[in-house]
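For reference, the chains in residue letters:
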Amino acid sequence: MTATRMWTAQGVLEPPTGGNECASRAAHVIADCCSATIITDDDGNTVERGDPTELALLRASQELGVGPEPGGPSDRLREFHFESALRRMSTVTRSAPGTARINIKGAPEEVLQRCTTIADGSGDRALTSVDRTAITAMVTEWAAEGLRLMAVAERTIDETLVETLSRENTEQGLTILAIVALMDPPRPEVAEAVATCHSAGIRIMVVTGDHGLTARGIAESVGIGADSSLRVVTGTELELMPEAELDLLLAEPGEIVFARSSPEAKLRITDALRGQGHVVAMTGDGVNDAPALRRSDIGVAMGKSGTDVAREAATMVLTDDNFATIVTAVEAGRRVYDNVRKFIVYIFAHATPEVIPFVLYALSGGQIPLPLTVMQILAIDLGTETLPALALGREPAEPGLMDRPPHKRGQNVVSREILVRSWGLLGGVSAALVLALFLGTLVDGGWHLGDSVSSGPLHDTWMLATTMSFLAIVSCQIGTAMAARTQRASLRTIGFGTNRLLLWGIAFEVVFAALVVTVPFLQDIFGTVCPPAHLAIWLLPLPFIVWGGDELYRGIRRRKTHPSESSPDTRAVGREKELS
């Protein structure tokens, strides 16, 4: 943050350097009315501590010749801390022998109404209505440019009166010295982060103590309210607004700037939004922000400039105090949520090919033998599917992740769509393929419906058939793993090899399954045999059939939901309309 201009009755300094008599007086007031400090350490390095606004003011006072280390409290007799409701701060410091100076800085409209005189370089004169009108017009003009404005004023009193002064008595009868304009430029990445929020269905409400025009200018510069007319509500308007009217205001689709607001307003806005069913993330850095941070669904505190109380009350702390980091966190959260659902799809899909053959055995009264042994099921559930399932938790973000609307508050992780896709589509196709190989192997070995497989040549045929069932499920797992990598997009758009861990997991399950059916002592444990080549070759197309069926299903859903996605040009136009 930087001081770019300073208005005085003697003229405007842009930037505030060199100075004039009024600017020099204002610089002394600034130096004596700040809690921040700028010092030089033993190594000659400049060390800044405190609020960014005060640091910018202190740097301006140094440019005006007051320093080099302003802000020292040695001559400070009284201090009235900044209060968001009052929007001003004042101190009382020693001046000439027997006198003290009241120093005050704050919002121009708050300070100006407590001033009765104005410094013009030749002395102090009465502050006329013409002066007030001119200053107010200048404040409005500068605020519309997105500048943060701070008024500086002073008053001299007898030092003996200092202990008897109340805040109200102190902050009146002042002499207006200057209006300082501060530029707090948004970080370059914020505009893109705001656009990402909009495409993700996230509304941004600005709750600030700044002037309404300043807040509007900054908000519009980064794209807040770009999709509609940005409404500005002042703190006074909000205080007079009944709850029902506030609910109606927040129910409107556009974004809102609440200017000259207090921490109490943050709490009230949070409660109103949550009462309408919204998930609310509230940012803050001050002690008074703690109730709103605690009441919101996700309280976000500033790690650098925030107070300890705010950090303790928050759910998340930004170590870089950067709004774009919040958007990054939202994207990471959505990716984790998606990966949990992908993990569930993969695990659930294997229940169907394991259960249906047993159901068929039960319904046939044992005329169709069991397709899997207990040990083979354990080999699948605890062996072959474990590493690919874990690897899906590290899946990169799917394309279009931040172009979706947020999930509803009451939405379950396991939805009807997941069950249909996993149990019905992926599991159903896998079950059909497993049964086909199992029954085909039995028939190829001379089995007929109702024949006993407990002994004789048919027992060896049955062991081969269960082995083929085991290997068929493993083959289908590979197709399921590749299909589960996306919920909507095609595998081509995310790339076959973008999840190296999954490829290693698939390699592990192939090697594990091969060992189970070829190593003699593992054959004895799991009841398997080594299949002949003419049967093993039937395993090769199974992953592609399972994955291909799901790819076709996702393609149909994409065309139904977003018909324009078939053309890159129309897709770009559609997104432009969504953000406009």
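Residues numbered from 1 in each chain as written. Predicted model: local features only at pLDDT ≥ 70, side-chain atom pairs only at ≥ 80, totals over all residues. Heavy atoms only, no water.

1. Some remarks on the overall build of the protein
- Check the secondary structure of the protein and you find 24 helices and 17 strands.
- Since a compact globule built from 580 residues should have a radius of gyration of about 25 Å, the 36 Å found for the protein marks it as more spread out than a globular shape.
- Projected onto its principal axes, the C-alpha coordinates of the protein cover approximately 120 × 50 × 40 Å.
- The proportion of buried residues among the 580 residues of the protein is 46%.
- By sequence separation, contacts in the protein at least 24 residues apart represent 69% of the contacts at least 6 residues apart. (Helix = DSSP H or I, 4+ residues; strand = E, 2+ residues; numbered from the N terminus. Rg over C-alpha atoms; globule rule 2.2 N^0.38 Å. Buried < 20%, exposed > 50% of the residue type's maximum accessible area, 1.4 Å probe, protein only. Contact = heavy atoms within 4.5 Å.)

2. Quick look at the confidence of the model for the protein
- Chain-level statistics for the protein give a pLDDT mean of 86 and a share of 95% at 70 or above.
- With pLDDT under 50 throughout, residues 68-72 is counted as low confidence; its partners more than four residues away or in other chains account for 17 contacts. (pLDDT = per-residue confidence, 0-100.)

3. Here we look at the pattern of salt bridges
- Summed over all chains, the structure comprises 34 salt bridges.
- A salt bridge links Asp297 to Arg274; the nearest nitrogen and oxygen atoms lie 3.2 Å apart. Of this pair, Asp297 sits in the loop between α11 (290-295) and β16 (298-302) while Arg274 sits in helix α10 (residues 263-275), placing them 23 residues apart in sequence.
- Overall, Asp297 belongs to the partly exposed group, its relative accessible area being 23%.
- A salt bridge links Asp550 to Arg421, with the shortest nitrogen-to-oxygen separation between them at 2.9 Å. Taken together, the positions of Asp550 in helix α23 (residues 542-561) and Arg421 in helix α17 (residues 416-444) put the pair 129 residues apart, joining distant regions of the chain. The pair Asp550 / Arg421 is uniform in exposure class, with both members buried.
- What you see here is one network of salt bridges that share partners, running through Glu83, Arg87, Arg88, Glu110, Arg114, Arg167 and Glu171. (Salt bridge = Lys/Arg side-chain N within 4 Å of Asp/Glu carboxyl O.)

4. Structural notes on helix α2 (residues 52-63)
- Here α2 contains 12 residues, and its C-alpha end-to-end distance of 17 Å stays within 8% of the 16 Å for a straight helix at 1.5 Å per residue.
- Listed in full, the buried residues belonging to α2 are Thr53, Glu54, Leu55, Ala56, Leu57, Leu58, Ala60 and Ser61.
- With a side-chain oxygen positioned 2.9 Å from the backbone nitrogen of Thr53, the residue opening α2 is Asp51.
- One or two residues past the end of α2 sits Gly65, with phi positive at roughly 95°. (Expected span 1.5 Å × (residues − 1). Polar contact = N/O pair within 3.5 Å; in protein donor to acceptor, adjacent residues only side chain to side chain.)

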